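Examination of the molecular architecture
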Amino acid sequence: MKPTLHNRKTMVLGRPNGDTPVRAACEIIARRREGAYWTVSLSAPDIAERAHPGQFVNVAVSGPGTLLRRPFSISRVSRQGPAAGTVDFVFDAHGPGTGWLADRTAHDVLDVVGPLGNPFPLPRQKVSCLLVGGGYGVAPLFFLAEELRREGLRVDMIVGAATHERIFNAIEAKRITASVTFTTDDGSFGEEGRVTDVLEQVAKDCGTGVVYACGPMPMLRAVAEQCQELELPSQIATEEHMACGVGVCWTCVIPTRTKDGSVRMKRSCIDGPVFNGARIAWENSRWEVGGPLVTGADQPIEEPPPRPTDDELWGNA
Amino acid sequence: MTDVRRVEAPPPPVSEEDAADLSAVDLRIDLGGVTLANPITTASGCFASGSEIDRFFDISVLGALVVKSITLEPREGLPTPRMAETPSGMLNAIGLQNPGVDRWIAKDLAWLQGKDVPVIVSIAGKSVDDFRQVAAKLRGRAGIVGVEVNLSCPNVEHRGLVFACAADPAGEVIRAVRRELPDLPIFGKLTPDVTDITAIARAVVDAGATGLSLINTTLGMAIDPETGRPRLANTYGGLSGPAIRPIAIRAVHQVHTALPDVPLIGMGGIRTVEDVVEIVRAGATAVAIGTATFADPFVTQQLVTDLRRWMAVRGFSRMDELRGKVFPRV
Ligand SMILES: Cc1cc2nc3c(=O)[nH]c(=O)nc-3n(C[C@H](O)[C@H](O)[C@H](O)COP(=O)(O)OP(=O)(O)OC[C@H]3O[C@@H](n4cnc5c(N)ncnc54)[C@H](O)[C@@H]3O)c2cc1C
Ligand SMILES: Cc1cc2nc3c(=O)[nH]c(=O)nc-3n(C[C@H](O)[C@H](O)[C@H](O)COP(=O)(O)O)c2cc1C
Ligand code: FES
């Protein structure tokens, strides 16, 4: 199956209505190094047309014995202008699949299924949005930031990584936000520490009404739990190992809590990857929060502004 | 919104292709008394209950749809990680997550009944009575053309031993299901993790199964060399994909040789049209596609097209001309 698609640049399979994913042979238009990461721009008009922030593409990779696709969050789409019909994703090359991808060059053709998963829901109210990203998880938040700004909402950002090199595109983060705070574990850029060390202060300074987060799972747990303590609604883009990415294998589940308190394993590829942070049953997951969570938590918060509730923000989702 | 272009993969540049008469090929099969439009079906647990893949193409092109195993009570399954990729295969340990038979009938079967596709329901249980009760709830439901009994479940009444590992408990389950569903084709699904698969096959058929489905995954394990931890939360998991295809071909061939009149649903690592023909030659009547759908959601649809073309080019017109056709090496 792979060969037929790899040899052709224009093949698209799927249904001709707007909200279903397709499988497409996508030519690599550009590929560039950004710090520790690679950015790939694909010519993928059918995917660009349908994609929303928080969704991902599932990319076939080659290599001895590799079988399964690799999921990557969509970091940007262009629907107009000279780059119309392109879809970007950012990746960190560390294993066989991502290593193979790093060896592709412009004009190579990738076999891509997408867009997949549920996007970040956009608030129905005018609230100030804080986007918290770790590592390559910052990339899809840029796509989200554009959409939120188009809705006329204030966007602030916290961008964290282990080192300066692993901070993704600081310039873009500054360009598209009202404010951005950088943190690195080693203090080589921005503040030394973790995103959760600054979250409370940033949220207070920016009058944050809702938090969106994407990054490594232990970071997401820390962010979601802190948001719950601060009574801030959060939307979290999770990452779990996926065999199919399309909802048929049940490998990618995330424990979530229903309104009656019972825990349900939800497929992150089709019911997620974005979940309401307060609904994730982290204590039933395998992710532990690493390092100190909140510093200065004992300082009293003065008169917090009234927070909108989940129902007010997203309806009965 | 531009319409999606539907471009068929170009036929390979073989001159006979153009001359081949696709309409001369009749892909229909008789599977235990039920006529299916073609032999391509789905492996249980690899196609959910159809609606997810129906987003990509109309699933009614398939010969039949075998749904994910359904149990009496809802199950949330095992913790993650539930899968690990291995060379040309993958390990999974899902733990039969499913909504339970009542919710499955109300939601998934109702959806499937609106689709023009024959449904084979895979059922699972922890005890003989579990299987019996699920079977009873399926009696008389429209759209269901058969039941596949997933015998690769641990039997809680028998020290957790898998039903399909011993002839007696496997036969007992089949007899219980047969009593509840006297008129429906029943397929017993077997594990390859036994010394003599033909002995289990015979016991299951003697107990009243119409046919057999083989093979289920074979048990495996993977360990992260750095951390020393198993890659699956469950430690062990079922191996599937091309890595197990030779085991599947062997199992189907052994069982078909021993029981030539029993219809078999063959599966295990089938991905290309050549793989389909291989397992049909080994003795399969229908062919189920599992892990290959994970890599390509369109693969089952593609295989129906590819199989017709493969046969036309070579002058085959019916599946019978291929089934069980393995010739001695000279
Ligand atoms: C919804 C989603 C969005 C993602 N977005 C991005 C992104 O934008 N950029 C990026 O660099 N990476 C992203 N990832 C992680 C990325 O899919 C993995 O890094 C990649 O699959 C690793 O493949 P590999 O063969 O190079 O590495 P290996 O680690 O050798 O992979 C082995 C197996 O584990 C799986 N795996 C390994 N790490 C992860 C992980 N973190 N999450 C899920 N599965 C994993 C692989 O899919 C593969 O099956 C995302 C994952 C998910 C689920
Ligand atoms: C993720 C996954 C889930 C499965 N779930 C079931 C199941 O619920 N019931 C069952 O009888 N077999 C189940 N199987 C086994 C398949 O139906 C099939 O027998 C096996 O995977 C071999 O075929 P394949 O190599 O084409 O995948 C599952 C396999 C996989 C990979
Ligand atoms: S990855 Fe298969 S169901 Fe989510």
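Report follows, based on the coordinates. Quick caveat, the model's predicted, so the values are computed rather than measured.

Attention now goes to the packing of helix α8 (residues 273–282) of chain B against helix α10 (residues 299–314) of chain B. All names here are of chain B. One way to put it is that α8 packs onto α10 with a least axis distance of 9 Å and a crossing angle of 70°. The angle between α8 and α10 falls in the class roughly perpendicular. For the pair α8 and α10, the contacting residues are V273, E274, V276 and V277 in the first and L303, D306, L307 and W310 in the second. A class-by-class count of the residues in the contact of α8 with α10 yields six nonpolar, no polar and two charged.

Residue-level contacts link 47 residues of chain B with 45 residues of chain A. Of the charged contacts, one joins E85(B) and R70(A) as a salt bridge, the two residues approaching to 2.8 Å between their closest N and O atoms. Put simply, chain B and chain A have 15 residue pairs in polar contact (both at pLDDT 80 or more) between them. Across the side of chain B that touches chain A, the residue classes tally to 24 nonpolar, nine polar and 14 charged.

Residue and element names in this part refer to chain A. Judged by pairing direction, the sheet is mixed, and its seven strands sit side by side in the order β11-β10-β9-β8-β12-β13-β16 without closing on themselves. Whereas interior strands pair on both sides, the edge strands pair on one side only; in this sheet they are β11 (191–192) and β16 (274–276). Where strand β8 (residues 128–134) lies against strand β9 (residues 155–161), six bridges are found, and the strand directions are parallel. Bridge pairing links L130 to D156 in β9. In this fold helix α4 (residues 138–150) packs onto β8, β9 and β12 (208–214), with an angle of close to 165° to the strand it touches most, β8. Sheet strands touched by helix α7 (residues 217–229): β8, β12 and β13 (234–237). Its angle to β12, the strand with the most contacts, is close to 165°.

Reading guide: rules and limits
Residues numbered from 1 in each chain as written. Chains lettered and ligands numbered in written order. Predicted model: local features only at pLDDT ≥ 70, side-chain atom pairs only at ≥ 80, totals over all residues. Heavy atoms only, no water. Axes fitted to C-alpha atoms, helices over the stretch in contact; angles between N-to-C directions. Helix = DSSP H or I, 4+ residues; strand = E, 2+ residues; numbered from the N terminus. Parallel < 35°, antiparallel > 145°, perpendicular 65-115°, else oblique. Contact = heavy atoms within 4.5 Å. Nonpolar A, V, L, I, M, F, W, Y, C, P; charged D, E, K, R; others polar. Salt bridge = Lys/Arg side-chain N within 4 Å of Asp/Glu carboxyl O. Polar contact = N/O pair within 3.5 Å; in protein donor to acceptor, adjacent residues only side chain to side chain. Pairing = 2+ DSSP bridges.

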